[in-house]
Amino acid sequence: MKGGSIMKKYILSFGITIGTIALLFFIGNTFHISLLSVQWIYVNETENFQMEAKGGLIPVALGLILGFITDYVLSGKEKKQGHQL
């Protein structure tokens, strides 16, 4: 059953990472904060179609940092308890 508890730890860390990124992008787009938002730019000319995405990397960086912190804390609890969560 050790594999299941390892999977729970990674699913929780991944969920926190994705959730943080989504929440910060939502806040940035809702309140028009350029550092936290994503802007989609479409150019539709007769000869070619272009699509660009501009966005801040701060939500991605914060999401990754919180994911790593979560993994670190859960790993520390595993070592302290002497078994996997």
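Details of the structure are given in the entry above.
Overview of the overall build of the protein chain
Item 1. Of the regular secondary structure elements, the protein chain holds 2 helices and 2 strands.
Item 2. The helix and strand sequence of the protein chain, counted from the amino end, reads α-β-β-α.
Item 3. Taken over C-alpha atoms, the radius of gyration comes to 19 Å for the protein chain, far larger than the 12 Å a tight globule of 85 residues would show.
Item 4. Taken along the three principal axes of its C-alpha coordinates, the protein chain extends 65 × 30 × 15 Å.
Item 5. Taken across its 85 residues, the protein chain has 22% of its residues classed as buried.
Item 6. At a minimum sequence separation of 6, the contacts of the protein chain that also span at least 24 residues come to 44%.
Item 7. Charged side chains of the protein chain number 7 positive and 5 negative; the gap between the two group centres comes to 28 Å.

A word on unusual backbone geometry
Item 1. In this structure, H32 takes a positive phi of about 55° despite not being glycine.
Item 2. Looking at the secondary structure, you find H32 in the loop between α1 (2–30) and β1 (38–44).

Regarding the pattern of salt bridges
Item 1. If you walk through the whole model with that rule in mind, you get 2 salt bridges.
Item 2. Between D71 and K9 there is a salt bridge; the shortest N-O distance is 3.7 Å. Pair noted here: D71 is in helix α2 (residues 58–81) and K9 is in helix α1, with a separation of 62 residues, a long-range link.
Item 3. In this structure, E78 and K9 form a salt bridge, with 4.0 Å as the shortest nitrogen-oxygen distance. Pair noted here: E78 is in helix α2 and K9 is in helix α1, with a separation of 69 residues, a long-range link. Considered together, E78 and K9 belong to a single accessibility category, that of buried residues.

Here is what the cut-offs are and how they apply
- Residues numbered from 1 in each chain as written.
- Predicted model: local features only at pLDDT ≥ 70, side-chain atom pairs only at ≥ 80, totals over all residues.
- Heavy atoms only, no water.
- Helix = DSSP H or I, 4+ residues; strand = E, 2+ residues; numbered from the N terminus.
- Rg over C-alpha atoms; globule rule 2.2 N^0.38 Å.
- Buried < 20%, exposed > 50% of the residue type's maximum accessible area, 1.4 Å probe, protein only.
- Contact = heavy atoms within 4.5 Å.
- Lys, Arg positive; Asp, Glu negative; His and termini not counted.
- Charge placed at Lys NZ, Arg CZ, Asp CG, Glu CD.
- Salt bridge = Lys/Arg side-chain N within 4 Å of Asp/Glu carboxyl O.

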